[in-house]
Amino acid sequence: IFGGMKSPPGAHPWQVSLQTRSKGSSGPFNHMCGGILLESCWVLTAAHCIISGVEMQVVLGGVDIEKDEIYDQVIPVEKAIVHENYKETAFALYNDIAMLQLKVMDRPYCAKETRYVKTACLPNQPFNSGTECVISGWGVTETQKFGTNKLMDARVHLISQEKCKAPHVYGDSPDDSMLCAGYLKGGVDSCQGDSGGPLVCQRNGTHYVVGVVSWGDGCGLKNKPGVYANVGRFVDWITHHLLS
Ligand code: 4AZ
């Protein structure tokens with residue numbers, strides 16, 4: 001996260017650290033991406049975070065990924081479902097969304113709701129451009145090029161498709177599976193290692209996952225805001241998997 005601050009414990013209780021290690025290894029898991037808890041056994045993340053042949057786990061409830069914290073919940077990933085129209089081109093990531101089904105730990109629960117672990121809601125109506133929302137993650141910052149141990153967050157504004165598709169911004173690359181957020185003047189943005197994590201907007205005290213950190217040209221650059229998977233466009237796809 002560029003232009004952010006350290007998050008206090010419990011500030012983003014749906015924030016997940018998605019961690020991997022090579023299959024068959026007994027070594028440590030490494031943070032690879034963010035994720036968003038939607039239900040006790042379901043996490044939303046970016047399709048580009050899913051790599052085959054690795055073992056995955058999620059860690060919930062903590063702010064420091066280098067320490068075992070008392071509120072941590074560590075849960076293995078049972079399976080990953082990548083959007084069937086996910087596509088990577090030289091310019092953009094299309095339909096960059098995936099769901100992780102977690103391993104049942106204490107039937108019927110995977111994650112357990114606590115002060116530090118809660119689900120975020122799927123959006124039931126669109127948010128206007130200009131709305132102030134929040135991004136969070138353990139990714140690269142201005143001063144930490146390998147990412148941070150402590151969860152960081154920043155406020156960003158939703159940017160209209162018209163502004164995001166301007167020739168000096170991203171031109172025709174973004175489609176409706178994407179949404180831009182940040183500041184055209186730069187400085188505040190998501191970055192590598194934040195991918196898969198939340199862009200959350202609030203309405204009447206409820207927190208909605210509006211975006212999933214996906215891509216961008218660099219981080220915090222002028223006229224290069226962060227691009228997010230547009231969750232509103234995937235609500236039917238997500239609920240289909242939650243219910244099946
Ligand atoms: C990345 O490499 C990445 N500034 C994530 C987010 C952004 C850029 C790059 C947005 O995972």
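Calculation criteria
Residues numbered from 1 in each chain as written. Predicted model: local features only at pLDDT ≥ 70, side-chain atom pairs only at ≥ 80, totals over all residues. Heavy atoms only, no water. Helix = DSSP H or I, 4+ residues; strand = E, 2+ residues; numbered from the N terminus. Rg over C-alpha atoms; globule rule 2.2 N^0.38 Å. Buried < 20%, exposed > 50% of the residue type's maximum accessible area, 1.4 Å probe, protein only. Contact = heavy atoms within 4.5 Å. Areas by Shrake-Rupley, 256 points an atom, 1.4 Å probe, with all protein chains shown as cover. Lys, Arg positive; Asp, Glu negative; His and termini not counted. Charge placed at Lys NZ, Arg CZ, Asp CG, Glu CD. Near = heavy atom within 4 Å. Polar contact = N/O pair within 3.5 Å; in protein donor to acceptor, adjacent residues only side chain to side chain. Nonpolar A, V, L, I, M, F, W, Y, C, P; charged D, E, K, R; others polar. Disulfide = S-S within 2.5 Å. Salt bridge = Lys/Arg side-chain N within 4 Å of Asp/Glu carboxyl O. Core = buried A, V, L, I, M, F, W, Y, C linked by side-chain atoms within 4.5 Å. Arc of directions from axis to C-beta. Pairing = 2+ DSSP bridges. Axes fitted to C-alpha atoms, helices over the stretch in contact; angles between N-to-C directions.

Per an unreviewed UniProt entry, the protein carries the name trypsin and comes from Zoarces viviparus.

On to the overall build of the protein. A tally of regular secondary structure across the protein gives two helices and 15 strands. Compactness check: the protein gives a C-alpha radius of gyration of 17 Å against a globular reference of 18 Å for 244 residues, within 12% of the reference. Over its C-alpha atoms, taken along the principal directions, the protein stretches across nearly 50 × 40 × 40 Å. When burial is assessed residue by residue, the protein has 54% of its 244 residues classed as buried. A separation of at least 24 residues holds for 69% of the contacts in the protein among residues at least 6 apart in sequence. Approximately 11,800 Å² of the protein is accessible, and the part contributed by carbon and sulfur atoms is 49%. Computed over 21 positive and 24 negative side-chain charges, the inter-centroid distance for the protein is 3 Å.

Quick look at the site of the ligand now. Around the ligand, the surrounding shell consists of D189, S190, C191, Q192, S195, V213, W215, G216, G218, C219 and G226. S190 has a polar backbone atom sitting 2.8 Å from a nitrogen atom of the ligand. Between the ligand and the protein, one listed contact pairs a nitrogen atom with a backbone N or O atom of G218 at 3.0 Å. In isolation the ligand exposes 310 Å². Once the protein is present, 84% of that is buried. Here the shell around the ligand is composed, by residue class, of four nonpolar, six polar and one charged.

As a further point, take the state of the cysteines. Counting across every chain of the model gives five disulfides. Each sulfur in the disulfide pair C41 and C110 lies 2.0 Å from the other. Taking the sign of the S-S torsion, 90° for the link of C41 and C110, the bridge is right-handed. Remark: C110 occurs in the loop between β9 (98–102) and β10 (132–137) and C41 occurs in the loop between β3 (30–39) and β4 (42–45); sequence separation between them is 69 residues. Judged by its relative accessible area of 14%, C41 falls in the buried class.

Attention shifts here to the pattern of salt bridges. Counted according to the given criterion, the structure contains six salt bridges. Residue D64 is joined to K67 by a salt bridge in which the shortest nitrogen-to-oxygen separation is 3.7 Å. Residue D64 is classed as buried on the basis of its relative accessible area of 7%.

By size, the foremost hydrophobic cluster in this structure holds 42 residues, and its most contacted members are L37, L44, V58, I97 and I238. Counting only elements with at least two residues in this core, the list comes to β2 (15–22), β3, β4, β5 (54–60), β6 (73–82), β9, β14 (206–215) and α2 (235–243). Counting 17 residues, the second-largest nonpolar core is a separate cluster that includes I135, A154, V210 and V213.

Let us look at α2. By the burial criterion, the buried members of α2 are V235, W237, I238, H241 and L242. Seen along its axis, α2 keeps its buried residues to an arc of 165°; they face one direction. Away from the buried face of α2 by more than 90 degrees, exposed residues D236 and L243 are located. Of the surrounding elements, those touching the buried residues of α2 are β3, β4, β6 and β9.

This paragraph deals with the sheet that holds β4. Ordered in space as β2-β3-β4-β9-β6-β5, the six strands form a closed barrel in which the pairing is antiparallel. On average, each strand axis in the sheet is tilted by 40° relative to the strand beside it, whichever way the strands run. Bridging between β5 and β6 involves four bridges; their strand directions are antiparallel. When the bridges of β6 are listed, L60 appears paired with Q73.

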